[in-house]
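Chain residues, written in single-letter form:
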There are 2 protein chains.
Amino acid sequence: MGRRIILASASPRRRELLSQVGVEFAVRVSEQEERYESSTPEEIVKELALMKAEHVASELEAEERQKGGLLRDTVVIGADTVVVLDGDILGKPADEEDAVRMLTRLQGRAHWVYTGAAVLDMDGEGQRKTANYAVGTKVFVHGMTEEEIRAYVRTKEPLDKAGAYGIQGRFAAWIDRIEGDYYNVVGLPVSAVYRTLQELGACPAGGAGCSCKDEAV
Amino acid sequence: MGRRIILASASPRRRELLSQVGVEFAVRVSEQEERYESSTPEEIVKELALMKAEHVASELEAEERQKGGLLRDTVVIGADTVVVLDGDILGKPADEEDAVRMLTRLQGRAHWVYTGAAVLDMDGEGQRKTANYAVGTKVFVHGMTEEEIRAYVRTKEPLDKAGAYGIQGRFAAWIDRIEGDYYNVVGLPVSAVYRTLQELGACPAGGAGCSCKDEAV
């Protein structure tokens, strides 16, 4: 039997990416807060992604228990993305001036984007398997003048994005090259997540074309 | 004065990319055939991109001459993309079996995508300047079974695309990583082209944020 897939993220960009590769899923976001204890960017995004997925899974489990059942045949996917420069994590800018400061640091050099992914798989017996990893992509940003940075910030595109830019938007004009998964920079390492779903036997029959390990396509 | 920008390509993907970075343009495609004499992929795409742009520019010039004028304040952009594996150029597949053959060769290894770009700039005096270059991106495709390849081909996505895949579509599930400009694989090296427009003073004031060399933003 196929699993139902739940994306534990409110990000419209993550939704688009998962849809793009043909995965059918529902979205459910927990109101519970995430706090991390890790210290490196890779560990932090892994931890946050796992927490997001676990919060949603535990809420679903509680609901099933109330009905006297078990949470089964369900996959929950969590993700978290950060931009890292000289060891500093750049989150979403607080305001336009903060966005100008971040872009001033990012321009003319390379930085890393890490997305953590967590895939929780509850099988037909309610047994849980967990995959949790971080994917890094190196991004090379062209040199920008202060005027160019301010003109970009005025487009408002940076304000809701980690690192104050959207590679999938107007900022594409300033990205010289990347090394790694492009979609990881957008917010989800789709090929890695797709592979994980495949390994769990949870990938969609009509997707990009896949043969799951323990079910017929 | 700002230049008007003409994209000499019928590709909806190129249109989207140029729009994405805030460039305003019109589309005009020539019916004239392009034939190349170059032998390397980089030289071929450069030559084809230049020919596409020159065909459109010469048609526009002829129209202006008929009106007793000169073609001025106009930029024409041409582009051409190929997928290259072991020195072979993979164009668009002839049919589904051809797509299966191409994907069978591409899976489990790296290949190159080259896009040639040509930017012809006619200034206020009708003087022409030309920029013409090719950008290469290395693409790493995950291993695929024949079943996976056939399931992907059944989605029809490969049929109108060089190399039989769309990185911006379902095939994203199979791209492990890239080295270079992602948008170059989609069909236009937007950051390089944007930079060229900037250098020509032809970039849009409301674009991704740019300061053109010879005009106020």
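Nothing here was measured: the structure is a model prediction, and the numbers come from that model. (Residues numbered from 1 in each chain as written. Chains lettered and ligands numbered in written order. Predicted model: local features only at pLDDT ≥ 70, side-chain atom pairs only at ≥ 80, totals over all residues. Heavy atoms only, no water.)

1. Here's the deal with the interface of chain A and chain B
Point 1. Taken residue by residue, the interface counts 38 residues in chain A and 38 residues in chain B.
Point 2. Interface of chain A and chain B: buried area, both sides summed, is about 2,900 Å²; carbon and sulfur atoms make up 50% of it.
Point 3. Inspection of the chain A/chain B interface yields 2 salt bridges.
Point 4. Arg195(A) serves as the salt-bridge partner of Asp176(B), at 4.0 Å between the closest nitrogen and oxygen.
Point 5. Summed over the shared surface of chain A and chain B, the result is 18 residue pairs in polar contact (both at pLDDT 80 or more).
Point 6. Elements with a contribution of two residues or more to the side of chain A that touches chain B: helix H4 (146–154), strand S7 (175–180), helix H5 (182–186) and helix H6 (190–199) of chain A.
Point 7. Of all the elements, S7(A) adds the most residues to the side of chain A that touches chain B, at 6 residues.
Point 8. Within the side of chain A that touches chain B, the residues separate by chemical class into 16 nonpolar, 14 polar and 8 charged. (Contact = heavy atoms within 4.5 Å. Buried area = accessible area lost by both parts, 1.4 Å probe. Salt bridge = Lys/Arg side-chain N within 4 Å of Asp/Glu carboxyl O. Polar contact = N/O pair within 3.5 Å; in protein donor to acceptor, adjacent residues only side chain to side chain. Helix = DSSP H or I, 4+ residues; strand = E, 2+ residues; numbered from the N terminus. Nonpolar A, V, L, I, M, F, W, Y, C, P; charged D, E, K, R; others polar.)

2. Details of the environment of Leu200(A)
All names here are of chain A.
Point 1. Assignment of secondary structure puts Leu200 in the segment after H6.
Point 2. Judged by relative accessible area, Leu200 falls into the buried class, the value being 9%.
Point 3. Distance from Leu200 to Ala173, taken between C-alpha atoms, is 38 Å for residues 27 residues apart in sequence. (Buried < 20%, exposed > 50% of the residue type's maximum accessible area, 1.4 Å probe, protein only.)

3. Regarding the packing of aromatic side chains
Point 1. As enumerated under the stated definition, the model contains 13 aromatic pairs over all chains in all.
Point 2. Between Trp174(A) and Tyr194(B), the ring centres sit 5.9 Å apart and the planes meet at 65°, which makes this aromatic pair edge-to-face. In this pair, Trp174(A) sits in the loop between H4 and S7 while Tyr194(B) sits in helix H6 (residues 190–199), so the two residues belong to two different chains.
Point 3. Connected via pairs of aromatic rings, a cluster forms that spans Tyr182(A), Tyr183(A), Tyr182(B) and Tyr183(B).
Point 4. Here the guanidinium or amino end of Arg177(A) rests over the ring plane of Phe140(A), the centre of that ring lying 5.4 Å away. (Phe/Tyr/Trp six-rings, centres within 6.5 Å; stacked < 30°, edge-to-face > 60°. Lys NZ or Arg CZ within 6 Å of the ring centre and 35° of its normal.)

4. A closer look at the relation of the copies chain A and chain B
Point 1. With an axial shift of 0.0 Å and an RMSD of 0.0 Å, the rotation relating chain A to chain B amounts to 180°. Read as a symmetry element, the transformation amounts to a two-fold axis. The rotation axis passes nearest to the C-alpha of Glu179(A) in chain A, at a distance of 2.2 Å.
Point 2. An overlap of 100% is found between the interface residues of chain A and their copies at the interface of chain B, pointing to a shared contact surface. (Least-squares fit on C-alpha atoms with pLDDT ≥ 70 in both.)

5. Thoughts on the nonpolar core
Point 1. Membership of the largest hydrophobic core comes to 99 residues, with the highest contact counts inside it found for Ile77(A), Tyr165(A), Phe171(A), Leu197(A), Tyr165(B), Phe171(B) and Leu197(B).
Point 2. With residues near it in sequence (within four places) discarded, Tyr165(B) still touches Val83(B), Leu103(B), Leu106(B), His111(B), Val113(B), Val139(B), Tyr152(B), Pro158(B), Phe171(B), Ile175(B) and Val185(B). (Core = buried A, V, L, I, M, F, W, Y, C linked by side-chain atoms within 4.5 Å.)

6. Looking at the confidence of the model for chain A
Residues and elements named next belong to chain A.
Point 1. Looking at chain A, pLDDT values average 91 and 93% of them are 70 or higher.
Point 2. Segment residues 205–217 is flagged for pLDDT under 50; beyond a separation of four residues in sequence, or across chains, it makes 47 contacts in the model.
Point 3. Model confidence for the complex: the whole-complex pTM is 0.90, and ipTM, which rates the interface, is 0.88. (pLDDT = per-residue confidence, 0-100.)

7. Re the packing of helix H3 (residues 96–106) of chain B against helix H4 (residues 146–154) of chain B
Residue and element names in this part refer to chain B.
Point 1. Relative orientation of the contacting elements H3 and H4 amounts to 135°, with a least axis distance of 10 Å. As summarised for this structure, H3 and H4 are arranged oblique, according to the angle between their axes. Classified by chirality, the crossing of H4 by H3 is right-handed. Here Glu96, Glu97, Ala99, Val100, Leu103 and Thr104 of H3 come into contact with H4, specifically with Ile149, Arg150, Tyr152 and Val153.
Point 2. In terms of residue class, the contact of H3 with H4 is made up of 6 nonpolar, 1 polar and 3 charged. (Axes fitted to C-alpha atoms, helices over the stretch in contact; angles between N-to-C directions. Parallel < 35°, antiparallel > 145°, perpendicular 65-115°, else oblique. Left-handed = near helix turned anticlockwise from the far one by under 90°.)

8. Digging into the environment of His111(B)
All names here are of chain B.
Point 1. Residue placement: His111 occurs in strand S5 (residues 110–122).
Point 2. In sequence terms His111 and Ala79 are 32 residues apart; their C-alpha atoms lie 20 Å from each other.
Point 3. A polar contact of 2.7 Å, which involves the side chain of His111, links it to the side chain of Tyr165.

9. Some thoughts on the pattern of salt bridges
Point 1. For the coordinates displayed, the defined rule picks out 40 salt bridges over all chains.
Point 2. We note a salt bridge from Glu54(B) to Arg128(B), for which the minimum N-O separation is 3.9 Å. With Glu54(B) in helix H2 (residues 41–66) and Arg128(B) in strand S6 (residues 128–141), this residue pair connects regions lying 74 residues apart in the sequence.
Point 3. The partly exposed category is assigned to Glu54(B), whose relative accessible area is 32%.
Point 4. On the basis of relative accessibility, which here comes to 34%, the residue Arg128(B) falls in the partly exposed class.
Point 5. Between Arg128(B) and Glu61(B) there is a salt bridge, with the nearest N and O atoms lying 3.2 Å from each other. Residue Arg128(B) is found in strand S6, and its partner Glu61(B) is found in helix H2; the two are separated by 67 residues along the sequence.
Point 6. Via salt bridges that share partners, Arg3(A), Asp73(A) and Asp121(A) belong to a single interconnected network.

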